[in-house]
Structures are given as structure tokens and as C-alpha cells.
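Read off the chains here:
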Amino acid sequence: MRTIQTHTSQKFEARIVLLVLVLLAAACIRLAWLDSAPLWWDEFVTLGRAKMALTDLWRSLSYQGPSDVSLDSSPPLLHTVIHMVLAFGGTSDAWVKLPSVLFGLAGVLILYPLGNRLLGGRSGLYSSALLGFSLFHIHYSREARPYALYLSLALCSLWLLLRALENNRFRDWAAYVLAAAAMLYSSYLGSASLAAQGGYLLLLLASGRLAPRRLVPCAVSLACAALAYVPWLPGHLFHMELIYSPTGGMGLNWDVLGRSLKEFTAYGYQGGFTFTGLYVAVALLGLARAFSRNRTGALLLCLWMGLPLVAALVLKTGIAVNPRYLINFVPGLALLAGAGLDTLTRALSLGLPDRARAVLALLAALALCWPGLATLPEYYRREQRPISYDLLQLAEDKANIEALAFVRNRHQKIFAQWYLPGVFGDFQTSADLGYRRYYLLAGADWQPENAGQFRTVGALRMRAGGMVNVSPMPLASAYQEDFSTLTMYREASSWDNAGPDLFQKTLSLYDPSRPGTALWRFNAPPGGFGGSLKLACRFRLTKSRATPPPDASVTILAGVGSGAMTPVATLTQADFRDGDSWKEELSLNLALPRPAGQLLDLAFALSPGAIHGSLEPVFFRLENTGSSPNANTADLAANPAATDASASMAATLLAHLRTRTELAQWRPGVKRIGDKALYAFSLDGLGDVPGAQPAALLPAFLAEYPGLEPVEVLGAAKGEPGVVLYDPALASPALSKSGHSSQALFAGGGKTPVESLVLNGVGGPFTLDFDGARLPALTLPPGARLALSSGAAGHLRLLPDYAQGPGQPFLNFGVVKAPAGECLTCQGENSCQLVYALECGLPIQKLRVQYCPEAYGEPGQSNGVTLAWSGDGNAYHTLDSFMVKDSELWEGKHRRIFTVDLKQPSRRVYLRLSLSGDKARIWAGPDTPMRLDAWCDAPGAVPLTTVENPFPITLPAGVEVFLSPRLLPDLDRLLPSH
Amino acid sequence: MTVPALLLCLSLAAAPLLVQAPLTGTAQAQSRAPTPSAPAPKAAAASPTSAVLPASGPAVTPTPDSPKVIESAVAPPPFSSLTPGEAFLLGYRHLTGDTVPRDATKAAVLFLQAATAGEPQAQYQLGVLFMDGLGMPKDPLWAYYWLNLAARSPGLSEDVRAQARGRLQSLQGELTADQKRRLGIK
């Protein structure tokens, strides 16, 4: 084996200076606008694991269970690192991505000594530059996924292996073992890398180049690295088993290989293979030099690059090969191309001084990477419809919705907790048993059947609902719960860290790392609990395929309403048959002691145990065998509240309800706003229920709110008197001209300050009076939303949508809908303009424009879109000019974001979009969102002075207003800055 | 020249083919005042010249995407209750800041509304706005188009038409060959 080291100290210093410059440039590129692209799904999977406790994090990665984030096909090292980074308090996307940036830079740095050692000359320097400027590497250095970490550790282990072989010192071998083991824990690609290193050592041995005194440390080091991986081996095997497909292959072919090579060398470039060919040609030159000067080093490099390729050819899996599985090629090609550049500069630079030659080679490296680098401005602005957009829209439009419920105990919960902390409450605990308005949130992949109409917001689906809690439940003959709906929140008396997972149909832990409890309290029927109480339960054990069965447990407890609970039974994995199935169910029948009093408590206490897994109730049925034999248990299951045969049952439930939430008296023509009051009406036919308004009023009420669906019906089964509960403010939280009310009742009576208000629509200037409190004269451009909140700047927002055409801008000169999709263009080849007037009646201080221009690169002709703003309508200031020429491609269609701080606040700001002709477009649709935001000074607008109840209100046509006694959430942080 | 240098040159030469560097912005709105014609008398506002777009004449041969397109592509004007004459007068007040805040963009909206309805003074003013880049982006093609319509309108005073002709003459030098082709002029 031979390594090449022929540097003078002067040359060394020059190299270091150049290397530092390369690193600085690489750092700037990787750190720039790091939060411009919000986290996407795979990164959230990483984040979800990283937020767990370290022990749970480790175990959860070799486990596919129902009650946590979805499967993550990576060993735990990156998650652990991010876990520690988050411990410093970081809560932004940039914090989550920062480790990858640092590992990416580490990879660039390590390539320097590795290149020098393997290939000699200035190869290391040029290789570092090629990797530092590789857009493919830049991309994976800005993602919270393990590729940058893996590459840095793999390169580090290669370098340390060469050092150890050369020096044969203990500390070098120890460092190698550490790096190799860490590499194995960073990615499953690590095993191929270790195999390549082992193969290299075997080659050395076979060729007699491995001195006998190095043989033992080699073998021991490899063995130590492999042994260090043993604790994770079950997880590794679990994932291999998961992806194994006896008939499958990874689909590696020449086409994929060519595409991968193009991504590695010219990521983002839309043209042909010219630059890839150039890069590969230089790399081949480097390979020739490597073989001529350091054959074993060249073999090591080839093995390291080639083994993942071989793996992709021979592995039988159900997953298709992706260029990132061959990511070893990225630094590998950079190393070879670095050697090629070194060869070229040495051979052809004639009389140039050494340093000038190095600078020239670095510039050539930059030129080789230029196809990718040139797309950086667009890369930073790439749009991928992140979940944060959907959550932002959800939060902006939430009005009086206060809580989020989730159809499954993962996915959207993690998104919402990350992006909307404090914006919504949740159902994690039963601290508030009062009436709550909520969104039930589902993803695009699954939504529960028969759960009503879901509305789509980007990649989310959601349904608004109102939740009342009617516990304690009357128990006449039977009660059952199967966790397929949200009825637990309606009927359980208390819960903590437990709730229904509608997808798995289990009672699951909200936070899988903590214990949880759910408690149901039952009222005895008249005459008390008779006979015996039978409890039938079913439980599901979900086992990991890679770790021992979970030692989670469920304890069933019973009590008599005094607070003290007695364990009745405890289930662990030992109670299940030790079958091969990873999901097993067990039924359990118990006889509960009959309570002497009128109350019975039944609780399930879930313990996550020391090993992450799940043991969860899927069903329970409590039967009071002493009840009437005529009870229809099917009906009871559908409406357990119907178990009480007495006429006062509905009244009893209503009385419980009244202790938790306000039941308001409906007054014709008066709309209640800003509170959570419910209207309770007796159902017609069987007499009025005390506490509810007479049934005779119901038709008039429904005439005032046509089509209104009830939130809850109490005690209406079997033809008994019942109560129906309505919440008009759930269906229509805002006041509007088209509404029925000329008077409003705010926040339940008395004087309550209006802390915030939101106006939607078009109109103005107009004023709004609230019982003597008057807003400044306001104006709303068409489709605008104006939010005013106490202590915050007013926020005006327009979300243009070009699906149907330009809408109603202030000025439209020749702009029409383009047939290409949700975009506008000029009707002919001449220029056209669109002007939006942003005004709300208050001085505008700041602007933000997000838009997506696109233009065709016509030979000899510049096409594009120019964005300009004006604070007075006379002088326009250009914000952006997106122009393309000659490329013969449609370019752009990436978001461009600009903000302006107005030195002189203006009551009206114009935004002008000038299109060069019909070869230019502006997009505004679901995948290319356009947004115009303005922040205005609203001193004294809110809080309004308190309002008397009820108060008259007059709204201009086309305007609706939502009033709230609470502040609006600050959502500006969710707006991307670039 | 060395090979790396060649490589560099090749790459840099090809770079514009890949991604275009943004051009500098279009011309900024000029602050110099337009050359307005005299405000139309009330009679003119009440009965504006009934020139119908597209204009026919030797100077301008309307191309498929010029006048008719404007007519069909313009959204319902925000001041639709005004007659063309009223729209012009209000626009002129906004242009000059006469008892209302000076606002060339609002003036352009009003002039556009009146001009597309055939009001020659509005056509003239709109041409001036396009020529000077005031309220509208500077665009010699559209300036020429509107000024040409105004210059040929018998409803406009000879003084103003003369001004229009003068502006047209100076615009001739600014138009590119392609723009002249689009306008149908030599």
C-alpha cells in the first residue's frame, strides 16, 4: 500500500486557506434559507422519533406499532443527535435540519485528507470543492434525514482505516472502530460500506500487501465494529424482513443508473447529459491516475462505490432503487474528479505558478458543478405543498374552533404539535368537560367511515364538530365501547393521556411514553344495580418483530364513585398465547362486585412498560344482568343514554351538562357570538324536559337557522322525552349581512371586551358599531381577510386563486386565464398588467408577496413577469423581475417571496404584476399558492370597549365579521421567508 | 489556454443556457408629469366621442391581440357606474391631484375604462401614462397604440392631436422592429 504525501509547509498553508474558503462557501450554501422549505413527511418521521425519550426512541425504531409515529427505516443515530439538539430548546425547522448541515460540512472537510491520502497531489482540495458545490449533496445536507450523517461517517471511517493501516497505532484503530460503528448506526447503507472495507482488507491480505503485524489489529477492529452493531442487529433484521420480497428486485437498470449519475453530477439541471458526461470523463481520468499511482486505494474506492450497486442488483425487495441508495457515488465521483482535475492542471497548466494553478482548478471544479449551482435560486424556492401551509390555513380559518382531535394517534398530531403549539387545545386530558368545538383531523390516506363530511385542506381532511360530555352514564342493562368513534370523549368521566385511535379502533396512549387512564362512571338505574355486573373486554397485543414482546400492561379497575379504585385484573403479554402473529387479541370476561350505592366506576389504566410496544383495549361491554329483560342492547349500544326508562333521564343528563357548559335561552333575531353556549330544546311529542326550551319554539328556531344539524340528542330513543342541542355558532361563527340577525349577543351577557375580530369579504369604506364602540372606517378588497387582535398589528390577507380566472383585481389590462391550469397570462404577444390594491382603511406598514411566475425561454426574446409596488399609485418600485431567454424551456413556477417595510405607511398599496406577453404566466393554485399579506397599524382598534347585550349590529353587504373575546394566534412565523 | 481554463470557459459560456440571471427591472415609473390635454368640457363628458375600438386606419392595423383583446380581457371596471366622460374627468382629477389624492394608478384605471369605450381624451392620457411609465409600466407599444387612436380621433382638439402626433413621432424611435411589426407600421 502506498500513500502520497509530498507537501511543503508553504503549499500546505495555501491549501488550508483554499480549503477554508471552500468550506465557508459550502456552509453558506447549506445554511442559506434553511427554513425556506418546511419539513416534509419523512423529516417529520425523524422528528417524531427524535422527540421521544432516548430509550423509547431506540426501541421504537425497530417496531411497527399502532400508537406512535410511522415506521422509520433508519438506525437511531441521527434521531439521537436531533433529540439532543432539540434539548437546547430549538423549536424551528432549521434546528431540526441543522445537524444534517453540520454533517454535510464534515463530509466536505473529511474528503480533503481522504483525497490527499488516496489520490495524492491536490486531489483532496478539489474533491472537497466538488462535494461542497454538489447540489445533490447540498440537498441531503439540508434534510433531516440520515444521508449527510452517513456519508460523513463513511468517509471518516475510510480515512481512519487508511491512517490506521499506515501508522498501525492503537488510537488510530480505536478511532476507526468508533467511526465504523457510528456509520453502521447512521444508515443501513453502512453495512455495505463496512463490507467494502472488509473486502479491501481481504484484497490486501490476498495480495500480500498487508503486513502480518497489521493483520490482528485489522481483524480485531473489524470485529469490534461489527460487534458494536449487534444490539441493533434485531432492528436491522426486522427492516430487512419488512422489505424482503422473494419475487422482487430493486429494478436497477441502465436507465436508472444514467438518471442517478445525472442527479449526482448535475442535480436540478433540466438539460441533457453534456455536463454529466464531462464530469464522468474527468472522474475517469482521475480513476486512471488513481490506478497508476495507488492501485489499492483505487480499488478501495471502487469497492466502496460499487458494493451498494451490487446490493441493489442482488437484493430481493419490494422497494425500487432510488439514486440516494447509491449515494456513495457522490463523494466517490468527487474524489475521482478531484484527482482528474489535479492531473489536468499539472499536465496542462504549463508555466503557471502553483497557487494560480490551484485556484484555476478550483474554478474548474466550480464550473463542473455549475449546472446544479445555477439552479440554487430556484432550489431554495422550490414548492412542495408542505403540511405547514395546510395547518396555517386551518389555523387562520379556525374562528371559534378551539381543539383538535385526531383520527389516529400519530401523523397529523405530530404536525400540529410542531407547527401550531398553543393555537389549538386537544383531548389529551379531561380537564375541561365543558362543551368544546373541535376539528377532527385526518390525512389524505385514511378517514373514518360514517364520520360525516370531511373538508379537504391541501393534504389534510377535517370535519368540524361540537363535543358535549354527558357522563356519568346511566346503566340500565348494558353499555359498550369499541373505540371506533369519539364517543369516549362524550361518555367517559375522566381520562388522562388516553383516547380512541379510530384507525386501530383501540384505546391508545396519547403520548406512548407515559401511562394513561380512562374512567367511565355509571349511574345505577332506579332501584340500584341488580343482579351481577358482567364485564366483557377484548385486548390487542401488538408485538415488535425485532424486540421481545412489549411488557406493557393494562389494568382494569373498579370503584364505587368514592375515588378509590380496586384493581380487578391486569393483563400483560404473558397472558397472550406465544404465537407467531405480531398482532394478537385476547378476550376476558369478569364479574364485577355489585356496588351497594348508586355509582360504579370502571377504569382502564394503560402502562407503556419498559419496552416500547402496545397492549390496548379494543372493546368492552358492561352488562347489568339485573336490569329489565326487555332492554334492547343493540339500541343501547347505539345510544347508551337511552338505558334510563324514566322520563327524567334527559333532564338528568341535561342537569349534568348544565354544570359544565352554558345552556342559553334562544331569543328570536338575536345571534349569540363569541361564546360556547348551546341551545337545548325539548323534542316534540312527549312533553317538555325541565331545563330545556319548549319544543314549540324549535320550528321557529330552525327557521332562523335553516339546515342546522344538532350537536347532540339526549334521551330520545324508545319514544321517550328527549332534548336536542344546537350550536348555531359552530356552523356559522361569523355575523353577516345575509344572516338573519340584526342584533347580537356577545359572550354570554354582561360586558365583555372584544379582543379580536376577523372580517371577510369585500366592501368599504364602512364602519362597525358595537353598542357604542366603533371601529375605524375599514375597507376590504375583494376576497380579503382582515384580522385585528389586541396588541398586534392588523393583518390583511389575499389568497388569489386563478383556477377560474383573474378574479377582481383593481386593474386588469389584458390578463386572461391560461389554458395550462391555475394560471394567468396575456391574451396575445403584447404585455399585460394586473394590479392589486391592498387597503383596509388603516396605515399599511409592511407587505409580503408570495407568487409563482413562469416564463418560456424564447430564442432572442426575454419573457417574464415583473413585480412592483407603489405606496401612492404614482411611483412604482420594482420588487422582482423574473425574466428568461433562449433556454427553450418553461422556467420558474417556483415561489418567490418578497417583503417590504414601508418607511412611510400608506393607506393603500398597489402591487403590480406585469407580464411580457403570452409566454409568461403567473400561477395561483393549490400547488402553487399565491399570497398577498399586509400588516397595518391598528392603534386602538381592539380591544373594543365592552358591549352591552344584546346590541344592534349593521354590516355592509358582502362583509362578514367574527368577534372573539380571545386573542388571535400569532401565525406569522408559519409564513416562509424565502 | 489550459484544459481547466477551457473547462471553466465552456461551463461559464453554457451557464446562461441553464438558468438566466434575472434582468434588471422594468423601467420605473417616472415622476415627471404627463402632458395632459385640456380637461374635457362637460359637454364632451356627456357625449363622448363615439369612436369604436378597434380603430381602423392606415397607421395602425390592429393585430389579433391588441384592441379587441383589451376589450374582452379587462375585468369589470371598479367605476362602472360612470360614463366614459365622467370616468375621464375623475381620472384626470386623480392624475393631477385636483381635490382628490394624486394617484396615477387610479387615473389609469379610469382612463382605461373610458378609453376602451372610445373616449379620445382618455386614450390620449392612457398613451401618455404608458409612454412615461406613470401608473402603468413604461411600454412604447401600448403608448403608441393609444396615442395613435387619439391622434386620429376627430373628437379631440387639434392642439391635443398635434401633441399626440409629436409623441408618436418620438415613440417611433423607441419601438423595436418586432413592436413595429405588431403595430403594423414600418
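All of these numbers come straight from a predicted model, not from anything done at the bench.

Parameters at a glance
- Residues numbered from 1 in each chain as written.
- Chains lettered and ligands numbered in written order.
- Predicted model: local features only at pLDDT ≥ 70, side-chain atom pairs only at ≥ 80, totals over all residues.
- Heavy atoms only, no water.
- Helix = DSSP H or I, 4+ residues; strand = E, 2+ residues; numbered from the N terminus.
- Contact = heavy atoms within 4.5 Å.
- Areas by Shrake-Rupley, 256 points an atom, 1.4 Å probe, with all protein chains shown as cover.
- Pairing = 2+ DSSP bridges.
- Axes fitted to C-alpha atoms, helices over the stretch in contact; angles between N-to-C directions.
- Disulfide = S-S within 2.5 Å.
- Buried < 20%, exposed > 50% of the residue type's maximum accessible area, 1.4 Å probe, protein only.
- Core = buried A, V, L, I, M, F, W, Y, C linked by side-chain atoms within 4.5 Å.
- Parallel < 35°, antiparallel > 145°, perpendicular 65-115°, else oblique.
- Left-handed = near helix turned anticlockwise from the far one by under 90°.
- Nonpolar A, V, L, I, M, F, W, Y, C, P; charged D, E, K, R; others polar.
- Salt bridge = Lys/Arg side-chain N within 4 Å of Asp/Glu carboxyl O.
- Polar contact = N/O pair within 3.5 Å; in protein donor to acceptor, adjacent residues only side chain to side chain.
- Phe/Tyr/Trp six-rings, centres within 6.5 Å; stacked < 30°, edge-to-face > 60°.
- Patch = residues over 30% accessible without salt bridge, like charges linked within 9 Å, V, L, I, M, F, W, Y side chains within 5 Å.
- Lys, Arg positive; Asp, Glu negative; His and termini not counted.

**Quick notes on the overall build of chain B**
Next, step 1: What chain B contains, in helices and strands, is nine helices and zero strands.
Next, step 2: Sequence separation of at least 24 residues holds for 68% of the intrachain contacts in chain B that already meet a minimum separation of 6.
Next, step 3: Total accessible area on chain B is roughly 8100 Å²; 61% of this is exposed by carbon and sulfur atoms.

**Regarding unusual backbone geometry**
Excluding glycine, a negative phi dihedral is what most residues carry, and trans is how most peptide bonds are arranged.
Residues and elements named next belong to chain A.
Next, step 1: Cis geometry marks the peptide bond from Ser-471 to Pro-472, where omega comes out at 0°.
Next, step 2: Structurally, Pro-472 is set in the loop between β5 (460–467) and β6 (473–474).
Next, step 3: Of note, the amide linkage connecting Val-942 to Pro-943 takes the cis form, showing an omega dihedral of 0°.
Next, step 4: Mapped onto the secondary structure, Pro-943 falls in the loop between β40 (931–936) and β41 (944–947).
Next, step 5: A positive phi angle, close to 50°, is found at Asn-168, a residue other than glycine.
Next, step 6: Secondary-structure assignment places Asn-168 in the loop between α8 (147–167) and α9 (170–186).

**What about the sheet that holds strand β7 (residues 478–481) of chain A?**
Residues and elements named next belong to chain A.
Next, step 1: In spatial order, the strands read β7-β17-β12-β15; together these four strands make up an open sheet with antiparallel pairing. At either margin of the open sheet sits one strand with a lone partner, and together these are β7 and β15 (583–592). Strand after strand, the sheet turns through a mean of 15° between neighbouring axes, direction not considered.
Next, step 2: Inspection of the sheet shows β7 paired to strand β17 (residues 614–624) by four bridges, in the antiparallel sense. Bridging across to β17, Ala-478 finds its partner in Glu-623.

**Re the sheet that holds strand β1 (residues 403–406) of chain A**
All names here are of chain A.
Next, step 1: Judged by pairing direction, the sheet is mixed, and its five strands sit side by side in the order β2-β1-β3-β5-β4 without closing on themselves. The open sheet has two free edges, formed respectively by β2 (425–426) and β4 (455–457), since each of these has just one partner strand.
Next, step 2: As paired strands, β1 and β2 are joined by two bridges and run parallel to one another. Opposite Ala-403, over in β2, you have Gly-425 as the bridge partner.
Next, step 3: Relative to β5, helix α19 (residues 387–396) is tilted by about 30°, and along the sheet it contacts β1, β3 (436–443), β4 and β5.
Next, step 4: Packed onto the sheet, helix α20 (residues 412–419) meets β1, β3 and β5 and runs at close to 155° relative to β1.

**Description of the state of the cysteines**
Residues and elements named next belong to chain A.
Next, step 1: Within the structure shown, the criterion is met by one disulfide over all chains.
Next, step 2: Paired by a disulfide, Cys-826 and Cys-832 hold their sulfur atoms 1.9 Å apart. Between Cys-826 and Cys-832, the disulfide has an S-S torsion of -80° and is therefore left-handed.
Next, step 3: For Cys-832, a relative accessible area of 1% translates into the label buried.
Next, step 4: Here Cys-156 is not cross-linked by a disulfide; its sulfur's nearest cysteine counterpart is in Cys-218, at 17 Å.
Next, step 5: Note on Cys-302: no disulfide assigned, nearest cysteine sulfur contributed by Cys-218 at a separation of 20 Å.
Next, step 6: What makes Cys-302 partly exposed here is its relative accessible area of 30%.

**Details of the pairing of strand β34 (residues 832–856) of chain A**
Every regular strand shows the same layout, with side chains that alternate between the two sheet faces.
Residue and element names in this part refer to chain A.
Next, step 1: Of all 25 residues that make up β34, 22 are buried, and the element is covered over most of its length.
Next, step 2: As defined by bridge partners, strand β31 (residues 811–813) adjoins β34 across three bridges and the pair is classed as antiparallel. Among the inter-strand pairings, Phe-813 is bridged to a residue of β34, identified as Gln-833.
Next, step 3: Where β34 lies against strand β38 (residues 896–915), 15 bridges are found, and the strand directions are antiparallel. By the bridge assignment, Arg-848 is partnered in β38 with Thr-899.
Next, step 4: Strand direction decides the pairing type here: β34 and β40, joined by six bridges, are antiparallel. Bridge pairing in β40 places Val-849 opposite Leu-932.
Next, step 5: Where β34 meets strand β39 (residues 920–923), four bridges bridge the pair, whose relative direction is antiparallel. Residue pairing for β39: Ala-855 is matched across the bridge by Ala-920.

**Looking at the nonpolar core**
Residues and elements named next belong to chain A.
Next, step 1: Judged by nonpolar contacts, the single largest core of 206 residues is most densely connected at Trp-304, Trp-520, Phe-539, Ile-556 and Phe-604.
Next, step 2: For this core, the element with the highest residue contribution is α8, accounting for 15 residues.
Next, step 3: Apart from residues lying up to four places away in sequence, Phe-604 is in contact with Leu-507, Gly-516, Thr-517, Ala-518, Trp-520, Cys-537, Phe-539, Val-554, Thr-555, Ile-556, Pro-617 and Phe-620.

**Overview of the packing of α8(A) against helix α10 (residues 190–206) of chain A**
Residues and elements named next belong to chain A.
Next, step 1: In the contact formed by α8 and α10, the axes pass within 10 Å of each other and the chain directions differ by 20°. In terms of axis orientation, α8 runs roughly parallel to α10. Considering how the two elements wind past one another, α8 and α10 form a crossing that is right-handed. Residues Tyr-150, Ala-154, Ser-157, Leu-158, Leu-161, Leu-162 and Leu-165 of α8 touch α10, and the partners they reach there are Gly-190, Ser-193, Gln-197, Tyr-200, Leu-201 and Leu-204.
Next, step 2: Grouping the constituent residues of the contact of α8 with α10 by class yields nine nonpolar, four polar and no charged.

**Quick word on the pattern of salt bridges**
All names here are of chain A.
Next, step 1: Evaluated as defined, the whole model comprises 39 salt bridges over all chains.
Next, step 2: Arg-672 is paired through a salt bridge with Asp-675; the nearest N and O atoms lie 2.7 Å apart. Of the two residues examined, Arg-672 and Asp-675, each falls in the buried class.
Next, step 3: Shared partners join several salt bridges into a network, and the residues in it are Glu-396, Asp-397, Arg-797, Arg-848, Arg-931 and Asp-933.

**Considering the pairing of strand β13 (residues 553–559) of chain A**
Residue and element names in this part refer to chain A.
Next, step 1: The buried fraction of β13 amounts to seven of the seven residues, a majority that puts the element mostly inside the structure.
Next, step 2: Taking every second residue as pointing to the same face, both faces of β13 are buried, with Ser-553, Thr-555, Leu-557 and Gly-559 on one and Val-554, Ile-556 and Ala-558 on the other.
Next, step 3: Inspection of the sheet shows β13 paired to strand β16 (residues 599–607) by seven bridges, in the antiparallel sense. Bridge pairing in β16 links Leu-557 to Ala-603.
Next, step 4: Where β13 folds back onto strand β14 (residues 565–571) in an antiparallel hairpin, the turn is made up of five residues, including Gly-561, whose phi is positive at roughly 85°.

**Details of the side chain of Arg908(A)**
Next, step 1: By secondary structure assignment, the location of Arg908(A) is in strand β38.
Next, step 2: Its relative accessible area of 16% is what places Arg908(A) among the buried residues.
Next, step 3: A distance of 2.7 Å separates polar atoms of two side chains, one belonging to Arg908(A) and the other to Tyr910(A).
Next, step 4: Beyond its immediate chain neighbours, meaning those up to four positions away, Arg908(A) contacts Phe810(A), Ala837(A), Leu838(A), Glu839(A), Ser870(A), Gly871(A), Asp103(B) and Lys106(B).

**Here's the deal with the packing of aromatic side chains**
Residue and element names in this part refer to chain A.
Next, step 1: Per the stated rule, a full pass over the model turns up 41 aromatic pairs over all chains.
Next, step 2: When the ring of Phe-701 is compared with that of Tyr-726, the centres are 5.3 Å apart and the planes differ by 50°; the resulting orientation is tilted. Of this pair, Phe-701 sits in helix α24 (residues 698–704) while Tyr-726 sits in strand β22 (residues 723–726), placing them 25 residues apart in sequence.
Next, step 3: Take Phe-701: its relative accessible area is 0%, and that puts it in the buried class.

**Observations concerning helix α4 (residues 77–86) of chain A**
Residue and element names in this part refer to chain A.
Next, step 1: For α4, the tally of buried residues reaches seven of ten residues, placing the bulk of the element in the interior.
Next, step 2: Taken together, the buried positions of α4 are Leu-78, His-79, Val-81, Ile-82, His-83, Val-85 and Leu-86.
Next, step 3: Buried-residue contacts for α4 involve α2 (41–50), α3 (54–60), α5 (93–119), α8 and α20.

**Quick look at a nonpolar patch on the surface**
Residues and elements named next belong to chain A.
Next, step 1: Side chains of Leu-202, Leu-205, Leu-215, Val-216 and Val-220 sit close together on the surface and give an oily, nonpolar patch of about 440 Å² of accessible area.
Next, step 2: Sorting the residues of the nonpolar patch by element identifies α10 and α11 (212–228) as the ones contributing at least two each.
Next, step 3: Among the elements that line the nonpolar patch, the one with the most residues is α11, at three residues.
Next, step 4: Along the chain, Val-220 falls in helix α11.
Next, step 5: The class for Val-220 is partly exposed, based on a relative accessible area of 43%.

**As for the side chain of Lys398(A)**
Residues and elements named next belong to chain A.
Next, step 1: On the secondary structure map, Lys-398 appears in the loop between α19 and β1.
Next, step 2: There is no salt bridge for the buried Lys-398, and the closest opposite charge comes from Glu-402, which lies 7.9 Å off by N-O distance.
Next, step 3: Excluding its chain neighbours within four sequence positions, the residues that come into contact with Lys-398 are Val-423, Phe-424, Tyr-439 and Pro-969.

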